[in-house]
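Each chain, letter by letter, is given below.
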Amino acid sequence: MNTPAKIEINAVYKTFNEGAKAIQALDNANLAIQPNEFVTFVGASGCGKSTLLRMIGGLETQSSGEIRVNGQPIDGPGVDRAMVFQHYSLYPWLSVTDNIKFCRQLKAHSRDRTSADVEKAAGRADALLHLMGLSHVPTAYPNQLSGGMQQRVAIARALMSRPEILLMDEPFGALDAQTREVMHDLIRHVHRIEGSTIVFVTHDVEEAIYLGQRIVLMAPRPGRIDTIYEVPLPAERNQDMKLSPEFLALKREILVRIRETSGMKTDLEQLERLSAQANQSEA
Amino acid sequence: MADSRSRLWTLRAGIPRKVYLTLALAGLVVPLLLWWFVSGLEGTNKVFLPGPADVLARTWSWLSADDLLGDMAISTWRVVAGWLLSAVIALPLGLYIGSYRAVQAFLEPLTDFIRYMPAVAFIPLVMLWIGIDEGSKVAIIFIGTFFQMVLMVAEDVRRVPMAQIEAAQTMGATRGEILTKVIVPSAKPALLDTLRVTMGWAWTYLVVAELVAANSGLGYAVLKAQRFLQTDKIFAGILMIGLIGLVIDQLFRQIHRLAFPWLSGRH
Ligand SMILES: Nc1ncnc2c1ncn2[C@@H]1O[C@H](COP(=O)(O)OP(=O)(O)O)[C@@H](O)[C@H]1O
Ligand SMILES: [Mg+2]
């Protein structure tokens, strides 16, 4: 562990709102993520996964504590950290290619505007179209694509500027199971050949295990990091591994822990109380 | 037969194009026939309800002997000028109200308050401040249109999905770049719709505007006809205003279709 961490999260707290309506979204989060690591955040909804990811992306500020990227405290969003959202983030008025090349229009990416660079960018966009399996629809508009294809465009757009860090917030949450499996292998492929550090938020435990090298389990009320699991699978993965004993054992362990921390028990008790009441009033 | 009838009354279900067109035509023809029938009844006073033929004849004489085209032109000019003036101010202002909470807090309550004030009530003030020539008519239409327009533009801008804006932020876009390269293009279709709807409202203020010392225009003609009990001319004037409004509305819809091909979904 003498390589410096890519992302360091030190004693981060986050409270939304003030006074009686205050919500403790994050309570003392600490985590170090190594270069080229693939980390997945998993946990019940409302445990602060998105909040933590958005803070790394610079879209949200912490109430206290510190987040460092490459040793530097972050100050707002930066081109070194690209983000992929669950949906509605593509620009529907731009074609697939123009969406992918969107960052080229921005001043932040215009320092190198020699014709050689422009050519290189065009080549990069082309390579991403191929990598993401979009080379047959370069001129289509997002509205003409399926949800899975739209997310491919969103990922390609995020990769365009060669970000060191890719932040993904339930990017496949709205896709059907088959499309998801395809996307899982695709994003693992991207991780391998782009060498990016990936932080991936999901509420799907299977997805978290299949993709991640480490799994950060978060728990709600207050939002916090609960347990960190190393995934006992080889770096190269395939769909069959989802049925391996190691995979299933880890899945069970995580699911049990989520149930323990999510307060689902009280909900069950509540249900039992309600049905008991209903029975009583019938009698 | 039973099947097609049940389909007509299925909520939101599509209906065959032929059925749609027939119904649309019937919706226009039936009232016309009704009007023609009632106006032809024994004992219907032409001063109260002239028939379609009377109105048509009056429109013709207005066109040939009088200056219908001139009235249409001047009225159109007034409406478009008032509407354009309000668009020129409302678009940037609404963009800022919709983008910055501070601007919204400062301007929206006032705008909300003013828009409930009737445009007619401003006539004395407008005459006092602007006088009685062309400017005053344009001003009335401006007052009637502007305050609604600002609020609608602001709402269109606020409807731009946050994810589109945040995606640009994570790509390093500046605030100015987000406004010009994300918010404006994203809101454009809604903005064009707002312009279309407010153009319709601008026309409804025409008669009010031409209350102010006008001596030309469709609204003025309607007002004058009322003084002389020329009910057929009142009808003709109202129909003309409606007709121009309809044409302009269709024009906007056509532009919308041509300008935003990316809106149409999967095929
Ligand atoms: N902008 C916000 N304002 C107020 N509360 C928020 C905001 N964003 C998130 N929260 C609250 O913070 C908690 C964590 O939310 P989030 O990070 O979105 O959870 P997750 O992504 O794990 O479902 C939730 O209770 C949520 O209601
Ligand atoms: Mg979330």
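Quick caveat, the model's predicted, so the values are computed rather than measured.

*Asks:* Teacher, can you tell me more about the sheet that holds strand β4 (residues 64–69) of chain A here?
*Replies:* Adjacent strands of a sheet pair through backbone hydrogen bonds, lying either parallel or antiparallel. Residues and elements named next belong to chain A. Pairing within the open sheet is antiparallel, and its 4 strands lie in the order β2-β1-β4-β5. A strand with exactly one partner marks an edge of an open sheet, and here the two such strands are β2 (23–33) and β5 (72–73). By the bridge criterion, 2 bridges tie β4 to β5 in an arrangement that is antiparallel. Within the sheet, the bridge partner assigned to V69 lies in β5 and is Q72. Where helix α1 (residues 49–57) meets the sheet, it contacts β1 (7–16), β2 and β4, and its direction lies at approximately 120° from that of β1.

*Asks:* How do you make sense of the site of ligand 1 when you look at a structure like this?
*Replies:* All names here are of chain A. Around ligand 1, the surrounding shell consists of F16, I23, A25, S45, G46, C47, G48, K49, S50 and T51. Contacts to ligand 1 include G46, whose backbone N or O atom sits 2.7 Å from an oxygen atom. The protein chains hide 62% of the 560 Å² of surface that ligand 1 would expose on its own. Those elements that provide at least two residues to the shell around ligand 1 are β2 and α1. Considering each element in turn, the shell around ligand 1 owes the most residues, 3 residues, to α1. Residues of the shell around ligand 1, tallied by class, amount to 4 nonpolar, 5 polar and 1 charged.

*Asks:* Help me understand the packing of helix α11 (residues 218–227) of chain B against helix α12 (residues 231–259) of chain B in this model?
*Replies:* Helix-helix packing: each pair is described by the crossing angle between the helix axes and the interaxial distance. Residue and element names in this part refer to chain B. Following both chains from N to C, one finds α11 and α12 inclined at 160°, their axes separated by 8 Å at the closest point. Relative to α12, the element α11 is oriented roughly antiparallel. Read as a crossing pair, α11 and α12 show a hand that is left-handed. Taken together, the residues of α12 that come into contact with α11 (itself represented by L218, A221, V222, A225 and Q226) are K233, I234, G237, I238, M240, I241 and I244. In the contact of α11 with α12, the residues fall into 9 nonpolar, 2 polar and 1 charged.

*Asks:* What's the story with the nonpolar core in this structure? I'm lost.
*Replies:* Generally speaking, nonpolar side chains in soluble globular proteins are found buried as a group. Counting residues in hydrophobic clusters, the biggest one holds 140 residues, and the most contacted among them are A:I100, A:I187 and A:I254. It is helix α7 (residues 134–158) of chain B that contributes the most residues to this core, 12 residues altogether. The residues touching A:I100, leaving out its near neighbours within four places in the chain, are A:A125, A:L128, A:L129, A:L134, A:V153, A:A156, A:R157 and A:M160.

*Asks:* Teacher, can you tell me more about the pairing of strand β3 (residues 38–42) of chain A here?
*Replies:* Within a regular strand, side chains alternate between the sheet's two faces. Residue and element names in this part refer to chain A. β3 sits mainly inside the fold: 5 of its 5 residues count as buried. Residues F38, T40 and V42 point to one face of β3 and V39 and F41 to the other, with burial holding for every one of them. Two strands pair when backbone bridges link them, and β3 and strand β8 (residues 197–202) are joined in this way by 5 bridges, in the parallel orientation. Considered in β8, the bridge of F38 is made with I198. Relative to strand β9 (residues 214–219), β3 runs parallel, the two being bridged by 4 bridges. Looking across to β9, one finds that T40 is bridged to I215.

Rules and cut-offs
- Residues numbered from 1 in each chain as written.
- Chains lettered and ligands numbered in written order.
- Predicted model: local features only at pLDDT ≥ 70, side-chain atom pairs only at ≥ 80, totals over all residues.
- Heavy atoms only, no water.
- Pairing = 2+ DSSP bridges.
- Helix = DSSP H or I, 4+ residues; strand = E, 2+ residues; numbered from the N terminus.
- Contact = heavy atoms within 4.5 Å.
- Axes fitted to C-alpha atoms, helices over the stretch in contact; angles between N-to-C directions.
- Near = heavy atom within 4 Å.
- Polar contact = N/O pair within 3.5 Å; in protein donor to acceptor, adjacent residues only side chain to side chain.
- Areas by Shrake-Rupley, 256 points an atom, 1.4 Å probe, with all protein chains shown as cover.
- Nonpolar A, V, L, I, M, F, W, Y, C, P; charged D, E, K, R; others polar.
- Parallel < 35°, antiparallel > 145°, perpendicular 65-115°, else oblique.
- Left-handed = near helix turned anticlockwise from the far one by under 90°.
- Core = buried A, V, L, I, M, F, W, Y, C linked by side-chain atoms within 4.5 Å.
- Buried < 20%, exposed > 50% of the residue type's maximum accessible area, 1.4 Å probe, protein only.

None of this, on its own, says anything about what the molecule does.
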